[in-house]
Amino acid sequence: MSKLIYLDNAATTKVAQEVVDAMIPYFTENYGNPSSVYGFAAKNKDAITKQREIIAGALGAQANEIYFTAGGSESDNWALKATAEAYKSKGNHIITTKIEHHAILHTGDYLEKCGYEVTYLDVDENGVVKLEDLKAAIRPTTILISVMFANNEIGTIQPIKEIGAIARENGILFHTDAVQAFGQVPINVDEYNIDMLSASGHKLNGPKGIGFLYIRKGVKIRSFVHGGAQERKRRAGTENVPGIIGLGTATARAMRTMEERTAKEKELRDYLIGRILDEVPYVKLNGHPENRLPNNANFSFRFIEGESLLIMLDMKGICGSSGSACTSGSLDPSHVLLAIGLPHEIAHGSLRLTLSEETTKEDIDYVVESVKEIVANLRNMSPLYEDFVRKNK
């Protein structure tokens with residue numbers, strides 16, 4: 001395969017060269033354990049502190065509110081499970097949505113089995129939480145609201161500031177899964193009244209296997225991994241120093257390049273969306289038409305199977321997705337697309353394309369022409385499409 005166009009950046013991103021360069025010395029030269037007392041290792045402890053400060057600065061937070069984890073899923077689990085445990089004397093009710101990442105949904109299932117009550121809010125046809133539904137769901141026993149900042153499949157950005165205000169007014173903790181949003185849109189935890197926030201390095205040109213959980217000072221979250229005294233006794237285990245260096249470097253880079261990078265992504269995203277909607281019949285854009293992540297485009301094509309489309313795109317050197325990478329082996333339609341009201345047969349024909357700063361207009365043109373050809377060929381083999389055309393002549 002001579003050509004490769006990677007449009008699955010919501011699943012993972014290419015590690016930036018400056019991130020790789022920053023990490024390498026911490027594998028080969030500065031390899032000391034930060035918990036050791038001698039000077040050689042203490043340098044690594046100082047390096048971790050610097051990265052913590054960089055990440056905190058990106059959120060308008062304090063350095064001692066940043067806790068390093070293995071990634072977004074661990075951070076989500078920590079936020080929900082530890083809150084449930086720490087605040088069980090106050091209540092046993094948690095509010096989230098039906099379109100969350102499975103790291104939230106499956107943790108909610110687990111907590112329900114442990115005796116907690118979880119409300120899963122509906123969303124509108126664009127995937128937006130209805131604030132009146134959120135207010136109506138609040139009970140005297142509600143201890144946590146967890147709503148993702150931006151959806152990983154359809155790109156819709158939630159009214160986080162308003163949700164945070166509702167939580168604060170009612171004395172309820174507010175957590176947001178910002179794995180897709182961190183580094184793509186500006187976030188200030190004080191402005192949005194965010195008490196906890198999850199993020200992951202590999203979504204912003206950093207390494208896999210590293211992330212963080214922001215925990216506002218004063219929130220009584222308990223230890224998630226027991227053992228040593230790392231992460232101020234809240235998350236034991238020898239620190240992933242190269243990963244932390246990579247995450248901090250990727251964060252600094254993302255903040256530095258955000259305005260120019262996302263402006264380019266938006267321009268190409270809108271060009272892609274416009275061409276697909278204009279040139280491919282019987283297609284729907286999923287997610288909010290404007291208030292969406294800069295690099296996200298998600299379509300549903302009637303009368304085809306998304307899996308077949310992905311395979312044929314792959315044969316042309318194009319990497320896309322039908323939804324979350326965490327459920328790519330599932331034959332079930334996306335829970336997100338079902339939640340916004342798509343019937344099963346249309347949800348099955350979905351395609352998510354997520355751009356990067358390296359994507360070009362020529363890439364988009366090639367992708368659009370390929371999609372047009374493949375969709376036409378798949379529909380020509382579809383008896384459902386044949387019946388539809390015959391009935392609508």
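Everything below is about the structure printed above this text.
Note that this is a predicted model, so its numbers are computed, not measured. (Residues numbered from 1 in each chain as written. Predicted model: local features only at pLDDT ≥ 70, side-chain atom pairs only at ≥ 80, totals over all residues. Heavy atoms only, no water.)

Draft legend 1. Representation of the sheet that holds strand S4 (residues 117–121). Here we have seven strands laid out as an open sheet, ordered S2-S8-S7-S6-S5-S3-S4, and mixed in their pairing. Edge positions in the sheet fall to strand S2 (66–69) and S4, since each has one partner strand and no second. Direction aside, neighbouring strands of the sheet carry axes that sit 20 degrees apart on average. Sheet analysis places strand S6 (residues 173–177) next to strand S7 (residues 196–200), joined by three bridges and oriented parallel. Note that in S7 the partner of His 175 across the bridge is Met 196. (Pairing = 2+ DSSP bridges. Helix = DSSP H or I, 4+ residues; strand = E, 2+ residues; numbered from the N terminus. Axes fitted to C-alpha atoms, helices over the stretch in contact; angles between N-to-C directions.)

Draft legend 2. Focus on the nonpolar core. Core analysis: the biggest nonpolar cluster contains 60 residues, and Leu 59, Ile 145, Phe 149, Ile 187, Ile 194 and Phe 212 have the highest contact counts within it. Sequence-distant contacts of Ile 187, defined by excluding residues within four places in its chain, comprise Ala 58, Leu 59, Phe 149, Ala 178, Ala 181, Phe 182, Tyr 192, Ile 194 and Leu 197. Counting residues in hydrophobic clusters, the runner-up holds 26 residues, among them Leu 7, Ala 297, Ile 318 and Val 367. (Core = buried A, V, L, I, M, F, W, Y, C linked by side-chain atoms within 4.5 Å. Buried < 20%, exposed > 50% of the residue type's maximum accessible area, 1.4 Å probe, protein only. Contact = heavy atoms within 4.5 Å.)

Draft legend 3. Looking closely at the side chain of Gln 230. Turning to its location among the elements, Gln 230 is positioned in helix H8 (residues 230–233). If we ignore the near neighbours within four places in the chain, the residues touching Gln 230 are Ser 35, Arg 235, Ala 236, Gly 237, Thr 238 and Glu 239.

Draft legend 4. Here's a closer look at helix H7 (residues 160–169). Taken as a whole, H7 has its buried residues at Ile 160, Ile 163, Gly 164, Ile 166 and Ala 167. The buried residues of H7 occupy an angular sector of 160 degrees when the element is viewed end-on, so they sit on one face. Lining the buried residues of H7 we find helix H6 (131–137), strand S5 (142–146) and S6. Gly 171 occupies a position one or two residues after H7 and carries a positive phi of about 65 degrees. (Arc of directions from axis to C-beta.)

Draft legend 5. Representation of unusual backbone geometry in the model. Phi angles above zero are rare outside glycine, and Lys 233 is one such case at about 70 degrees. Along the chain, Lys 233 falls in helix H8. Phi at Phe 303 takes a positive value of approximately 70 degrees, unusual for a residue other than glycine. For Phe 303, a relative accessible area of 16% gives the class buried.

Draft legend 6. Spotlight on the packing of aromatic side chains. Taken as a whole, this structure holds eleven aromatic pairs when the rule is applied. With a centroid separation of 5.8 Å and an interplanar angle of 75 degrees, the aromatic rings of Tyr 67 and Trp 78 are classed as edge-to-face. Here Tyr 67 is found in strand S2, whereas its partner Trp 78 is found in helix H4 (residues 72–86), with eleven residues between them in sequence. For the residue pair Tyr 67 and Trp 78, the accessibility class agrees, reading buried in each case. Aromatic side chains Trp 78 and Phe 224 sit 6.1 Å apart centroid to centroid with 15 degrees between the ring planes, which places their arrangement in the stacked category. Linking Trp 78 in helix H4 with Phe 224 in the loop between strand S8 (211–215) and H8, this pair joins segments that are 146 residues apart in sequence. An aromatic cluster is present here, built from Tyr 282, Phe 303, Tyr 385 and Phe 388 joined pairwise through their rings. Across the ring face of Phe 388, the terminal group of Arg 302 is positioned such that the distance to the ring centre comes to 5.0 Å. (Phe/Tyr/Trp six-rings, centres within 6.5 Å; stacked < 30°, edge-to-face > 60°. Lys NZ or Arg CZ within 6 Å of the ring centre and 35° of its normal.)

Draft legend 7. A look at the pairing of S2. Covered by surrounding structure in S2 are Ile 66 and Phe 68 together with Tyr 67 and Thr 69, the residues of both alternating faces. Note: S2 against S8, four bridges, orientation antiparallel. Among the inter-strand pairings, Ile 66 is bridged to a residue of S8, identified as Tyr 214.

Draft legend 8. Here's a closer look at the pattern of salt bridges. This structure, assessed with the given rule, holds 24 salt bridges. Note that Arg 352 and Asp 8 form a salt bridge whose closest N and O atoms lie 3.1 Å from each other. Note that Arg 352 is positioned in strand S12 (residues 350–354) and Asp 8 in the loop between strand S1 (5–6) and helix H1 (17–23), a separation of 344 residues in sequence. Like Arg 352, the residue Asp 8 is buried in the burial classification. (Salt bridge = Lys/Arg side-chain N within 4 Å of Asp/Glu carboxyl O.)

Draft legend 9. Representation of the side chain of Gln 158. Take Gln 158: it is sitting in the loop between S5 and H7. Gln 158 sits in the buried class, given a relative accessible area of 5%. Setting aside anything within four residues of it in sequence, one finds Gln 158 in contact with Ile 99, Gly 127, Val 128, Val 129, Val 147, Met 148, Phe 149 and Ile 163.

Draft legend 10. Focus on the sheet that holds strand S10 (residues 296–301). Strand order in this open sheet of three strands is S9-S10-S12, and the pairing throughout is antiparallel. Of all strands in the sheet, those with a lone pairing partner are strand S9 (283–286) and S12, marking the two edges. Averaged over neighbouring strand pairs, the angle between their axes works out to 25 degrees when direction is ignored.

Draft legend 11. Just the packing of helix H10 (residues 306–315) against helix H13 (residues 361–380), in detail. Packing of H10 against H13 leaves a shortest axis separation of 10 Å and a crossing angle of 130 degrees. Regarding the angle of H10 to H13, the classification is oblique. Considering only the axes of H10 and H13, their crossing is right-handed. Judged by residue contacts, Ser 308, Leu 309, Met 312 and Leu 313 of H10 engage Ser 370, Val 371, Ile 374, Val 375 and Leu 378 from H13. Here the contact of H10 with H13 is built from residues that sort into seven nonpolar, two polar and no charged. (Parallel < 35°, antiparallel > 145°, perpendicular 65-115°, else oblique. Left-handed = near helix turned anticlockwise from the far one by under 90°. Nonpolar A, V, L, I, M, F, W, Y, C, P; charged D, E, K, R; others polar.)

Draft legend 12. Representation of helix H9 (residues 241–279) in the model. With 39 residues, H9 ought to run about 57 Å at 1.5 Å a step, yet its terminal C-alpha atoms sit only 49 Å apart, falling short of that. Along H9, the sharpest kink reaches roughly 70 degrees, centred on Met 258. Where H9 begins, one side-chain oxygen reaches toward the backbone nitrogen of Gly 243, 3.0 Å away; that side chain belongs to Asn 240. (Expected span 1.5 Å × (residues − 1). Bend = angle between axes of the 7 residues up to and from the residue. Polar contact = N/O pair within 3.5 Å; in protein donor to acceptor, adjacent residues only side chain to side chain.)

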